[in-house]
Amino acid sequence: MSTVLIIGAGGVGGVVTHKCVLNKETFTKIVLASRRIESCEKIQKQLPADAIEIAQVDADDTVQTAALIKKVEADVVINVALPYQDLTIMDACLEAGVDYLDTANYEHPDEAKFEYKLQWAKNEAFKEAGLMSLLGSGFDPGVTNVFCAYAQKHYFDEIHTIDILDCNAGDHGYPFATNFNPEINLREVSAKGRYWEEGKWIETDPMEIKMVWDYPEVGPKDSYLLYHEEMESLVQHIKGLKRIRFFMTFGESYLMHMKALENVGMLGIKPVMHQGQEIVPIEFLKTLLPDPASLGPRTKGKTNIGIVVEGIKNGQPKKIYIYQVSDHEKCFEEVQSQAVSYTTGVPAMIGAKLMLEGKWKADGVYNMEQFDPDPFMAELNAQGLPWKVLDL
Ligand code: NDP
């Protein structure tokens, strides 16, 4: 008997909830909570009667969140609200004495900077309480970290370089929309790029470094170097690493719109006065843009996310590519969400499943690559995210 409390009834929260329901033998009681009860009701209506319970919670409020965790007697909390709520929900888990999992690292709403520092600082508290915190159990971060651990365990004696390659070739028919929370997405994409080489972080201008990568089942796509959070933990845990980079594909229309919006100040995160009222430009833009959850029924095409790893095995140079392809329409058929939410929500459910089954269990705050990748890789195949390994 295990109770899961899922916080955040957005695009990803919907997928996590559907997938937990499909794994009822592990998640015997499922509670979905969010800031607005209507968001929970929308997801509840997609599921069989009595499949889940729902609740309202403001996860910015630790006391309120801890009270809910205790009330529902949760065994694990899956945080798929926004990165702004990571610290308050972690504190609520400490207060209520339950394990924690999320898919994105903490960001302060007023500063577009994401790093693990404040979450890692809770390691001692989680250890002392005999509790576990699993950080970044989405696709990237998440599966990409597990792919790295899998490469390290089975394919290499030493890993020298890793390129993480994230391609979304989905077409939703809008000139401009984001596939997950617009505010989080645009903050990430418009920030300076950064990669790690020989022990140092090297900063680039946004979209300064571009390459074309031929993605299996998708084709060649322009891919741009971005900073991405999984690199911060991977540089600490992958032996012998000399360089790690992250690339994401963007179409011309997306980049053109983003540049124009940035040029006119619409990506600003500081409040401005408008007709006697304070507004935050990027929050107003979010109101205008299509809700990512509404893209599901209209998105066609595939995603392909993976890693290219180079290193040494038995004294010989070796290069492999581990990747996963998802089809937007198939994801929608299964859980009424497009592939970006799907590829994030399924690993969140898997992480919680392994924690509840005791397969991934340790006291303290952990990143994904710190655990044995094999049970996670097996679950990916079983739960709708099959992967492949190619020798390059
Ligand atoms: P959405 O904006 O669709 O959903 C976020 C949900 O969080 C909303 O339903 C919202 O509630 C809820 N929420 C916001 N603030 C609060 C609060 N104070 N208390 C309770 N609930 C709150 O985002 P996504 O589903 O697209 O993304 C969810 C998370 O997944 C984000 O952290 C994102 O960064 C992460 N992500 C990770 C990826 C990965 O691969 N690792 C990829 C994509 C996303 P309501 O509707 O009730 O107002």
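Refer to the preceding data block for the structure.
Residues numbered from 1 in each chain as written. Predicted model: local features only at pLDDT ≥ 70, side-chain atom pairs only at ≥ 80, totals over all residues. Heavy atoms only, no water.

For the rest of this paragraph, the subject is the overall build of the protein chain. A tally of regular secondary structure across the protein chain gives 14 helices and 20 strands. Every one of the 392 residues in the protein chain was classed for burial, and the buried ones make up 56%. Put simply, 71% of the contacts in the protein chain that link residues at least 6 apart link residues at least 24 apart. Taken as a whole, the protein chain presents about 16400 Å² of accessible surface, with 50% of it coming from carbon and sulfur. Averaging the coordinates of the 38 positive side-chain charges in the protein chain and doing the same for the 57 negative ones gives two points 3 Å apart. (Helix = DSSP H or I, 4+ residues; strand = E, 2+ residues; numbered from the N terminus. Buried < 20%, exposed > 50% of the residue type's maximum accessible area, 1.4 Å probe, protein only. Contact = heavy atoms within 4.5 Å. Areas by Shrake-Rupley, 256 points an atom, 1.4 Å probe, with all protein chains shown as cover. Lys, Arg positive; Asp, Glu negative; His and termini not counted. Charge placed at Lys NZ, Arg CZ, Asp CG, Glu CD.)

Our focus in this paragraph is the side chain of S34. Of note, S34 is situated in strand 2 (residues 29–34). A relative accessible area of 10% means that S34 is categorised as buried. Apart from residues no more than four positions distant in its own chain, S34 is found in contact with G8, A9, S39, C40, A55, Q56 and V57.

As a further point, take the packing of helix 8 (residues 182–189) against helix 11 (residues 281–288). It is at 9 Å that the axes of helix 8 and helix 11 come closest, and there the two elements cross at 125 degrees. When the axes of helix 8 and helix 11 are compared, the pair comes out oblique. Where helix 8 crosses over helix 11, the handedness of that crossing is right-handed. On helix 11, the residues that touch P182, E183, L186 and R187 of helix 8 are I282, E283, L285 and K286. Looking at side-chain class alone, the contact of helix 8 with helix 11 contains four nonpolar, no polar and four charged residues. (Axes fitted to C-alpha atoms, helices over the stretch in contact; angles between N-to-C directions. Parallel < 35°, antiparallel > 145°, perpendicular 65-115°, else oblique. Left-handed = near helix turned anticlockwise from the far one by under 90°. Nonpolar A, V, L, I, M, F, W, Y, C, P; charged D, E, K, R; others polar.)

Take helix 7 (residues 143–154) next. With twelve residues, helix 7 ought to run about 16 Å at 1.5 Å a step, and its terminal C-alpha atoms sit 16 Å apart, in line with that. Most of helix 7 sits out of view: nine of its twelve residues are buried. For helix 7, the complete set of buried residues consists of V143, T144, N145, V146, F147, C148, A149, Y150 and A151. (Expected span 1.5 Å × (residues − 1).)

Since the α-helix advances by 3.6 residues per turn, residues separated by three or four positions end up pointing in the same direction. For helix 11, the full list of buried residues reads P281, I282 and L285. One side of helix 11 holds all its buried residues, which, seen down the axis, span an arc of 95 degrees. For helix 11, the elements touching its buried residues are helix 8, helix 10 (252–263), strand 15 (272–274) and strand 16 (277–279). (Arc of directions from axis to C-beta.)

Taken together, the side chains of R35, R36, K42 and K286 define a basic patch exposed on the protein surface. Relative to the helices and strands, K286 resides in helix 11. Judged by relative accessible area, K286 falls into the partly exposed class, the value being 33%. (Patch = residues over 30% accessible without salt bridge, like charges linked within 9 Å, V, L, I, M, F, W, Y side chains within 5 Å. Salt bridge = Lys/Arg side-chain N within 4 Å of Asp/Glu carboxyl O.)

Taken together, 28 residues are adjacent to the ligand, and S34, R36, S39, T103 and N181 come closest. A distance of 3.0 Å separates a nitrogen atom of the ligand from a polar atom in the side chain of D58. Side-chain polar atom of N181 to an oxygen atom of the ligand: 2.8 Å apart, as the coordinates give it. In the complex, the protein chains occlude 94% of the 930 Å² of accessible area that the ligand would expose alone. Taken together, the residues of the shell around the ligand break down into 13 nonpolar, ten polar and five charged. (Near = heavy atom within 4 Å. Polar contact = N/O pair within 3.5 Å; in protein donor to acceptor, adjacent residues only side chain to side chain.)

Looking now at the environment of F284. Assignment of secondary structure puts F284 in helix 11. Residue F284 is classed as partly exposed on the basis of its relative accessible area, which comes to 39%. Along the sequence, F284 and L267 sit 17 residues apart, while their C-alpha atoms lie 9.4 Å from each other. Setting aside its immediate chain neighbours within four residues, F284 contacts M266 and I279.

The final tally for this structure, using the stated rule, is 13 aromatic pairs. Judged by centre distance (5.2 Å) and plane angle (25 degrees), the rings of F250 and Y254 are stacked. Classification of F250 as buried rests on a relative accessible area of 10%. Where W360 meets F371, the ring centres are 4.9 Å apart and the plane angle is 15 degrees; that geometry is what we call stacked. (Phe/Tyr/Trp six-rings, centres within 6.5 Å; stacked < 30°, edge-to-face > 60°.)

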